Amino acid sequence: MQEAEVSRFLIVLVAACLFLPLPAWSQEEDHEERGEQGDPAHPAPQLIIKGFTDISFSENQDENENTFTLGQFDLFITSALSDKFSFLSEVVYRFGRDNKASFEIERVQVKYSHSDQINLVLGRMHTPLGYWNETYHHGAWFQTTAFRPEVEDSNVLPQHEIGLQFLGSQRFPSLDFEYNISIANGRARTISENQTVQDFNGLKAVNILLKASPDALPGLKFGFNTYIDKIPADPAVPARNGEIDELILGAHLVYLSANIEFLSEFAHISHDDEVSGKDFETTGYYIQGAYQYQKWKPYYRFDYLNFGDGDPYYASILLDQKKHTAGVRFDPILWLGLKIEYSFTRPRIKDSFSSITLQTAFTF
Amino acid sequence: MERAMFFFMCMLILAGLPAEALDIAVIVNKQNPVSKLTSMELSKILKLEKQYWEGGMKVYLVLQESGSSEKQIVLKRVYRMDDEGLKKYWLGKMFRGEISSFPKTLGSSEAVKRFISQVPNAIGFIDNSTADASVKVLLVDGRTPGDQGYSLTGDK
């Protein structure tokens, strides 16, 4: 099985290399001859493929040995089918801590754009929870830090969904307003499982995200989201032999300028468990700041994660913690970033530990 | 010696002269009913935050190549970022599914003008001295290129 996955990985890698002469930024240097073939207003669809990956070296007091690590290998494909229809796909190969390869179609979506106000997306998508999940997600090169915030990792939040999204933006006199309403299969029986083909309880998850960007402070964005789902029962686990009502309330506040990056997100997850009759409340947030000085970008982030005690859905990841992360990112060239990052984690039920990571993240 | 002094003086005078000004004209196809934009509307269209004209046509943005004086002025006055920052910006929009590719880029003001004259939904920016009746020059904040206070002005 592992060999088959590696073979598939190599096939896709070779396919990616074949497309490399047409990287996305080559369009930036496009010349007029290309646009004037046929109808310049409606060129034939072009497949654009991009890749993201990262390689790290980490020393972590909480783990056995220092190690080199290959991060996620992310192939990202887009194509404009017409003025109104577009296609996007994202395929990720990754290796687990057991060194076994796995492969996942992270996103496959077709988008219909009627106007700035009305857009419809169908497929497997990033759940519109706030800021990080849609903005960075798999592309470590995009994000300033080496790793995601804790609340954005390990499926604490439902990071992907299969279904429909309605989204758009509207200009008002003193602000821009954006909305995203999604109806999707929702969470599966366990946090690591996906309902890509079959929804186990037929009840759809609904998420509403509202965002605003006031003119008074360009670069400032804030928003709120509400996610409602009924998590299906997992008959294989006695404690999960009933459904869980899930309610997620989220908020984010982001400020970005040429030099300043300030990110903050908050999520409160309520699980109403049918089996135990208990409510489990989980809270997570992060606050991150960075300052760009030429090619250097020092940064700091504080993470907080507090699970509801005994929450059966989070049984495999229950680790309350506070974490401080500080580092510096250096970009010798535009498409490659080098990061050195120190973190200090204070779990509630374990000894504190620290780690240091050197990472190179790039896009190709 | 006198010739060297003369050459040196000429260089000093030339260095003190102001650089030649370049006015950027924002142009659209003559069929496009839009004739004026505010600075904010222009910024949203050039950043593809607004992707549809009021009549429902999709905005077809045409940029000029990196390093051109026209692009440098627009980067400074509209995008407020450098060329690398703009490339990163486009890639981020692609990743979020907001656009499918980087905007089209042409090599000169003449090429941009010729393209826009053929494409009803296109918008671009050119050296105002190359503008002619084949395209429509938009008013920006009620001003035309060359007016006192016109925002898209810089050095050649």
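It should be emphasised that the depicted structure is a prediction, and the values quoted were computed from it without experimental measurement.

Re helix α4 (residues 83–95) of chain B
Residue and element names in this part refer to chain B.
Thinking step 1. The end-to-end C-alpha separation of α4 is 19 Å, in line with the 18 Å expected for 13 residues at 1.5 Å each.
Thinking step 2. In terms of burial, α4 is a largely internal element, 10 of the 13 residues being buried.
Thinking step 3. For α4, the set of buried residues is Asp83, Leu86, Lys87, Tyr89, Trp90, Leu91, Gly92, Lys93, Met94 and Phe95.
Thinking step 4. One or two residues past the end of α4 sits Gly97, with phi positive at roughly 80 degrees.

Points about the pairing of strand β12 (residues 260–273) of chain A
Residue and element names in this part refer to chain A.
Thinking step 1. Strand direction decides the pairing type here: strand β11 (residues 244–256) and β12, joined by 13 bridges, are antiparallel. The partner of Ile248 across the bridge, within β12, is Ile269.
Thinking step 2. Linking β11 back to β12 in an antiparallel pair, the connection comprises three residues.
Thinking step 3. As paired strands, β12 and strand β13 (residues 279–291) are joined by 13 bridges and run antiparallel to one another. Residue pairing for β13: His271 is matched across the bridge by Phe280.
Thinking step 4. Between β12 and the antiparallel strand that follows it, β13, lie five residues; Gly277 among them carries a positive phi value of about 75 degrees.

A short note on the confidence of the model for chain B
Thinking step 1. Looking at chain B as a whole, the pLDDT averages 91, with 88% of positions reaching at least 70.
Thinking step 2. Taken over the whole predicted complex, pTM reads 0.87, whereas the ipTM for its chain interfaces reads 0.86.

Examining the interface of chain A and chain B
Thinking step 1. Tallying the contact residues gives 50 residues for chain A and 38 residues for chain B.
Thinking step 2. Overall, the association of chain A and chain B removes approximately 3500 Å² of surface from exposure, summing both partners, and the carbon and sulfur fraction of that is 55%.
Thinking step 3. Run the count over chain A and chain B and you get two salt bridges.
Thinking step 4. The partner of Lys44(B) in a salt bridge is Asp176(A), with the nearest N and O atoms 2.4 Å apart.
Thinking step 5. At the junction of chain A with chain B, the criterion picks out eight residue pairs in polar contact (both at pLDDT 80 or more).
Thinking step 6. Where the side of chain A that touches chain B is concerned, the elements lending two or more residues are α2 (32–35), β1 (48–60), β3 (73–80), β4 (85–95), β5 (101–113), α3 (132–135), β7 (160–172) and β15 (321–333) of chain A.

Quick notes on the confidence of the model for chain A
Thinking step 1. Taken residue by residue, chain A gives an average pLDDT of 89. The fraction at 70 or more is 88%.
Thinking step 2. Confidence drops under pLDDT 50 across residues 16–37 of chain A; counting only partners more than four residues distant or on other chains, this segment forms 50 contacts.

Some points on the environment of Gly284(A)
Residue and element names in this part refer to chain A.
Thinking step 1. You can see Gly284 is positioned in strand β13.
Thinking step 2. The class for Gly284 is buried, based on a relative accessible area of 1%.
Thinking step 3. Sequence spacing of Gly284 and His268 is 16 residues, and the spatial spacing of their C-alpha atoms is 6.5 Å.
Thinking step 4. In this structure, Gly284 is in contact with Val151, Glu265, Phe266, Ala267, Tyr304 and Leu305, ignoring residues within four places of it in sequence.

Describing the pattern of salt bridges
Residues and elements named next belong to chain A.
Thinking step 1. Within the structure shown, the criterion is met by 27 salt bridges over all chains.
Thinking step 2. In this structure, Glu106 engages Arg94 in a salt bridge whose closest nitrogen and oxygen atoms are separated by 2.8 Å. Of this pair, Glu106 sits in strand β5 while Arg94 sits in strand β4, and the two are 12 residues apart along the sequence.
Thinking step 3. Among the residues examined, Glu106 registers a relative accessible area of 0% and is labelled buried.

Side note on unusual backbone geometry
Thinking step 1. At Asn99(A), a position not held by glycine, the phi torsion is positive, near 70 degrees.
Thinking step 2. Here Asn99(A) is to be found in the loop between β4 and β5.
Thinking step 3. Judged by its relative accessible area of 58%, Asn99(A) is exposed.
Thinking step 4. The backbone of Asp141(B) sits at a positive phi, close to 55 degrees, despite the residue not being glycine.
Thinking step 5. Of the residues examined, Asp141(B) reaches a relative accessible area of 38% and is grouped as partly exposed.

So, how was this worked out
Residues numbered from 1 in each chain as written. Chains lettered and ligands numbered in written order. Predicted model: local features only at pLDDT ≥ 70, side-chain atom pairs only at ≥ 80, totals over all residues. Heavy atoms only, no water. Helix = DSSP H or I, 4+ residues; strand = E, 2+ residues; numbered from the N terminus. Expected span 1.5 Å × (residues − 1). Buried < 20%, exposed > 50% of the residue type's maximum accessible area, 1.4 Å probe, protein only. Pairing = 2+ DSSP bridges. pLDDT = per-residue confidence, 0-100. Contact = heavy atoms within 4.5 Å. Buried area = accessible area lost by both parts, 1.4 Å probe. Salt bridge = Lys/Arg side-chain N within 4 Å of Asp/Glu carboxyl O. Polar contact = N/O pair within 3.5 Å; in protein donor to acceptor, adjacent residues only side chain to side chain.

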